[in-house]
Structure formats: structure tokens, C-alpha cells
Amino acid sequence: MEADGSRLVLGIDVGTSSVKAVLLDVRSGDVVGSQSRDTRAAVQSECGPQGKEQDVIQIMRALNDCVTSLPRESLKKVTRIGVSGQMHGVIFWKKNQGCHWINSGNLRVFEPRDTSYLITWEDGRCNTDFLASLPQPQSHLSLATGFGCATIFWYLRNRPDFLDSYDAAGTIQDYVVAMLCGLQRPQMSVHNATSWGYFSTRSKTWNIDILRGSGFPVHLLPAVVNAGCVAGKTSYEWCGICQGTEVGIALGDFQCSVYSSATESTDAVLNISTSAQLTFSMPDGFQPEESPNPGEPVAYFPYFNDHYLAVAASLNGGNVLASFITLLSDWIAELGLAIPSSASLYTRVIAAGLSQHETHLTIDPTLFGERHTPDRLASVSNITAAELSLGHATRALCHGIVQNLHSMLPSSRLQESGVRRIIGSGSALSRNDVLRQEVEKIFPFPVLYGKDTDSALGAAMVMVKQW
Ligand SMILES: Nc1ncnc2c1ncn2[C@@H]1O[C@H](COP(=O)(O)OP(=O)(O)O)[C@@H](O)[C@H]1O
Ligand SMILES: O=C(CO)[C@@H](O)[C@H](O)[C@H](O)[C@H](O)COP(=O)(O)O
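As recorded in an unreviewed UniProt entry, the chain goes by the name Sedoheptulokinase, listed as coming from Xenopus tropicalis. The record held by UniProt for the chain lists under Subcellular location (unreviewed entry) the comment "Cytoplasm". Its UniProt record gives the chain the following Function (unreviewed entry) comment, quoted word for word: "Acts as a modulator of macrophage activation through control of glucose metabolism."

K.L.:
Any chance you could break down helix α6 (residues 172-181) for me, citing the residues and the numbers?
P.N.:
Within α6, 10 of the 10 residues are buried, which leaves the element mostly enclosed by the surrounding structure. Regarding α6, the residues found buried are Ile 172, Gln 173, Asp 174, Tyr 175, Val 176, Val 177, Ala 178, Met 179, Leu 180 and Cys 181. Note on α6: the residue one or two positions beyond its end, Gly 182, has a positive phi of about 60 degrees.

K.L.:
I'd love a proper account of the domain arrangement of the chain, names of residues and values included.
P.N.:
Assigned domains of the chain: these are domain 1 (8-255 + 456-464) and domain 2 (266-278 + 314-450). Domain 1 and domain 2 are separated by 28 Å when their C-alpha centres are compared. Across the boundary between the two partners, domain 1 contributes 9 residues, which contact 8 residues of domain 2. Counting the surface lost from both domain 1 and domain 2, the interface buries some 730 Å², and carbon and sulfur atoms represent 53% of this. Along the contact surface separating domain 1 from domain 2 lie 0 salt bridges. Along the lines of polarity and charge, the residues of the side of domain 1 that touches domain 2 split into 4 nonpolar, 4 polar and 1 charged.

K.L.:
Pulling in residues and values, what's your account of the site of ligand 2?
P.N.:
Of all residues adjacent to ligand 2, which total 14 residues, the nearest are Thr 16, His 88, Asp 253, Ser 275 and Arg 371. Between an oxygen atom of ligand 2 and a main-chain N or O atom of Thr 274, the distance comes to 3.3 Å. Here ligand 2 has 430 Å² of accessible area as a free molecule, and 98% of this is covered by the chains. A per-class count over the shell around ligand 2 returns 5 nonpolar, 7 polar and 2 charged. Each of domain 1 (8-255 + 456-464) and domain 2 (266-278 + 314-450) accounts for three or more of the residues forming the shell around ligand 2.

K.L.:
Please give an account of the sheet that holds strand β10 (residues 118-119) that cites residues and values.
P.N.:
Read from one edge of the open sheet, 3 strands run β4-β5-β10, paired in antiparallel fashion. Taken across any chain shown, the strands that pair with only one partner, and hence form the sheet edges, are β4 (42-43) and β10. Alignment of β4 against strand β5 (residues 53-54), held across 2 bridges, turns out to be antiparallel. The residue bridging Val 43 from the neighbouring strand is Glu 53, located in β5.

K.L.:
Any chance you could break down the side chain of Thr 171 for me, citing the residues and the numbers?
P.N.:
Tracing the backbone shows Thr 171 in the loop between β11 (168-170) and α6. Classification of Thr 171 as buried rests on a relative accessible area of 0%. Among the polar contacts listed, one links the side chain of Thr 171 to the side chain of Asp 174, at a separation of 2.7 Å. For Thr 171, the residues in contact, after removing those within four places along its chain, are Gln 86, His 88, Gly 89, Ile 91, Met 188, Asn 192 and Trp 196.

K.L.:
Hey, could you go over the UniProt feature "domain: Carbohydrate kinase FGGY N-terminal" (unreviewed entry) in the chain for me, with residue numbers and the actual values?
P.N.:
Summarizing the sequence annotation, UniProt attributes the feature "domain: Carbohydrate kinase FGGY N-terminal" (unreviewed entry) to residues 9-257 in the numbering used throughout. Secondary structure content for residues 9-257 is 26% helix and 29% strand, and the end C-alpha separation is 16 Å.

K.L.:
Kindly report on the pairing of strand β6 (residues 78-85), identifying the contributing residues and their values.
P.N.:
Buried residues dominate β6, accounting for 7 of its 8 residues. The pairing of strand β1 (residues 8-14) with β6 spans 7 bridges and is parallel. Looking at β6, one finds that Ile 12 is bridged to Val 83. Alignment of β6 against strand β17 (residues 246-248), held across 2 bridges, turns out to be parallel. Looking across to β17, one finds that Arg 80 is bridged to Glu 246. Note: β6 against strand β18 (residues 251-252), 2 bridges, orientation parallel. In the sheet register, Ser 84 faces β18, and the bridge partner there is Leu 251.

K.L.:
Run through the site of ligand 1, naming residues and quoting values.
P.N.:
What surrounds ligand 1 is a group of 15 residues, the closest being Ser 17, Ser 18, Lys 20, Thr 274 and Gly 318. One of the side-chain nitrogen or oxygen atoms of Lys 20 is found 2.7 Å away from an oxygen atom of ligand 1. Notes on ligand 1: free accessible area 580 Å², of which the protein chains cover 88%. Of all the secondary-structure elements, those providing two or more residues to the shell around ligand 1 are β2 (18-25), α10 (318-334), α11 (342-354) and α14 (427-430). Split into classes, the residues belonging to the shell around ligand 1 amount to 4 nonpolar, 9 polar and 2 charged.

Analysis parameters
Residues numbered from 1 in each chain as written. Chains lettered and ligands numbered in written order. Predicted model: local features only at pLDDT ≥ 70, side-chain atom pairs only at ≥ 80, totals over all residues. Heavy atoms only, no water. UniProt positions renumbered as here; feature names shortened; annotations may be inferred. Buried < 20%, exposed > 50% of the residue type's maximum accessible area, 1.4 Å probe, protein only. Helix = DSSP H or I, 4+ residues; strand = E, 2+ residues; numbered from the N terminus. Domains from an automatic or database assignment. Contact = heavy atoms within 4.5 Å. Buried area = accessible area lost by both parts, 1.4 Å probe. Salt bridge = Lys/Arg side-chain N within 4 Å of Asp/Glu carboxyl O. Nonpolar A, V, L, I, M, F, W, Y, C, P; charged D, E, K, R; others polar. Near = heavy atom within 4 Å. Polar contact = N/O pair within 3.5 Å; in protein donor to acceptor, adjacent residues only side chain to side chain. Areas by Shrake-Rupley, 256 points an atom, 1.4 Å probe, with all protein chains shown as cover. Pairing = 2+ DSSP bridges.

What follows is the structure in C-alpha cells.
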């Protein structure tokens, strides 16, 4: 604690497109600093276009840059660190040698060493037939491609030699906590274990017998603890934060965005980041059945203190808009014209959408399928020659993204569940007024907006709560 007595908590969100960091004052509850950095970590996958992998070195460089950009004097006051991040994905490393600590300027940071790439939640290598060949999990969640255990099964069946190189695994946020605290065996929160599949939230244990019976490398499964626990203390000074600082167990990003956004039990949270989620809190004592219906668009995700969230978790959120920007950039290049920056393309595309308030053009945006309907891909209909402008396309795309979420979790069900207002969160929503207009048109509730660092803020708030 510094002379002025102030104590700060650092909150981190290691997202799919960007990392975010916030500094929260314990006493006042104010955010006294925040930074975000795009990770630009996507790499070619050995599995071809279905594979979605990210370079962990790139992610960690963005994280270090993000944290060291916070005021140096404030970082010295950090007494706890809360960590959240993109769920479902898996990274592999070797115990006790997953990173090396280096000096960056006059600060110490860690760089990944001999880790795998991160295979993310967007990965599509586990097709329907492959998933059908796996043992039935004893979990309330159906297994889906991009879930950690499904990915590990894929390597077991297709690249067993790959798994022989590693003896530790976790989500990217689990990796960050394990490196910061020098954990011999990674620890994982119930949030992240649930997102991997083959995990029972009732017993809070892996389906060990089912997995072992199928030859699954169960030694790779982290130890699981409740969300909100402290995982350990920093082994070294990191980015200007003192050695010995307590680090929370890594949490799920969307649970943390709910934690910082929803202030009333009747709030629903609509998060549009790389993905998109619409969620509301289930009543005390609710327990999901451990026999999931794969065709059900709403799943139940563990929250805190044995509560659950009902979640329409779409695979199509900001990533669809990002794909549209890439499409425009590629067409401009193919036309032999100078390619604007993606930032300027976003600005022009959003401005065009704002100038076109209505359109009959209809876009079903499920470019990446959905977990409950993996084969229903994107489509465009109701096309007329008079409605083909950039503004029409942008308005139709934003409407489609929000309408798709609404079709998964309709307003009627929200009303029946006692929801009285919607809190919007996520950078794709906070940076795009066309999306916000479509949320306000489609959902008959008052809509408020949080901050775009909501998951990082939530992770920090959880660590303050533990005092
Ligand atoms: N300059 C921009 N203007 C508006 N939206 C943007 C811009 N850059 C990125 N986005 C949107 O933000 C999304 C990423 O949101 P973010 O919260 O950073 O994701 P995550 O938390 O999943 O890492 C992208 O998928 C894209 O749709
Ligand atoms: O899929 C779910 C829940 O199953 C969503 O929470 C989300 O897609 C994943 O958890 C990841 O966290 C991706 O989140 P983000 O990187 O888009 O913020």
C-alpha cells in the first residue's frame, strides 16, 4: 500500500480480438486507468480454413504493452490482479518452462516459451461426424467444436505426437495466471472448465472415467476451483507490479462482463465483442439438467456462488462485421485501388449505415454457423436494385446480427423471466451506433451501455469483492 493509502486492483481481459486492462480503486470503486490493444494474433492453422489459431507470443506482447501503458505510479499501487479471457480455447505448454522472464526496458515481463498456438473457440476442426464419434459427456452442456476437450480429442485421434510434447494445458487466461504465479499445475475456474466440455458443474469434477475410458490424456486437465478464488502470488515483479501480488483464478470473459454491467437482478446483458451473448440471471437454487438438448439455443453457464446465467451464446458477433470489413478491403485490392486502413473502413461503413435508417435488404449473418445449428450459414435475401448501397448493406448486417440473437432468446422469454432492461457491453457494440440503434429497435426494453472494458472491469471487481 502506498503512502496515500490507496490500493488498486488490476483487471485484465484476454479477448479474442483485443486485450483490455483496467485499474480499479478499491476504496472509491472508480476506474483510474484503462487501456486496450488489438492482438492481431491470428495465424494459419495446420487444419486449413476450419482451424482458428492464435500466436500466444503476439497475445502476450499485446498484454504487456497494454499493462505497461497504464500509469507507472498506479501500477506500483496494485495489490491484486483479476484475470478473465476468451473461454473454450486451449493452449499447451511444458510444466515449469512455459515462459521465460525478460527485461523490457526497465520492466520485467514474461514471454511464452515452446508453447503451442492457442486453438480458439472459433475453431471448426471438430465437425459433426467427429463430435458424434466422441463419448457422451456427463454435463449440462452439449459438446461443440472449439471446446478445449473436443480439440484435445482431435489431436489424440489425428496428431497424437503433438500431445506428447506437452504436459500442461489451459485457456489463454489460465496460462497467464499459471505464468504469473509459477504454478506447477495449472488451475482453472468452474467457468473455464465448463467451457471445455466433459465437466459436471454439479460435482465440479471432470468426467474422468468417461475421458480415461476413451484414452483421453487426463493428465492435461487442470485442477478446478471455484470462480473468485485466489490462485497464488506473482513470482516476480511484472510490468511494474510488485512481486507477491495476489492473482485471482482466471475467469470467463462474458461472466465478468455481466458482473460489471448488471447492477440489478432483473438486468439482461447483451455483449457484442468478437462473439455475441444475450444473458440473464437464473433464480437462486437453479440447477440445469445434465442431459442437454443440442438443438437448444440457450445454454446455462455457471456464474458466481453456484448461480447460473441463461445465455444465448452466438458465434456471430463482431467477427461478422470484421469479415465484412475484410471483404471490402479484399475487393478494393482486387480492383487495384489503394486499400484504406481497417479503422477508416469501419468509420465509413458505420457512417453509411447511419445514413440509411431502414432497408428491406435482409441478411442472415450466421457466417460461422451456430452451435445449435452448425450447418445454417449466412444468406442474403430480399435484394432489390434500389437497395444495394453500402448503407443498406451495413444496416441489414447490423440488424441481422441483433435479430439472430433475438431469435435465439426472444424478448418474450426475457419478459417472462422478469427482465426489465438491457445493459449493452463489448467493443463491437460500444463502437458502432448502427448496432446500438438495432438493439434499441428490436428489444422493447430500456437499453443502457456499460464500458468496452467491461470484462476486465468485472475481473477487477471480483478481486475487490474478495477482501
Ligand atoms: N475501428 C472499429 N470500429 C468499430 N468496431 C470495431 C473497430 N475495430 C474492431 N471493431 C469491432 O470490435 C470487435 C472486437 O471487439 P472486442 O471487444 O475487442 O473483442 P474481444 O473482447 O472478443 O477481444 C471486432 O470483431 C469488430 O467487429
Ligand atoms: O461462447 C461463449 C459461451 O459459450 C461466449 O462466452 C464466447 O463466445 C466465448 O466464451 C469466448 O469468451 C469469446 O468471447 P469474446 O472473445 O468474443 O469476448
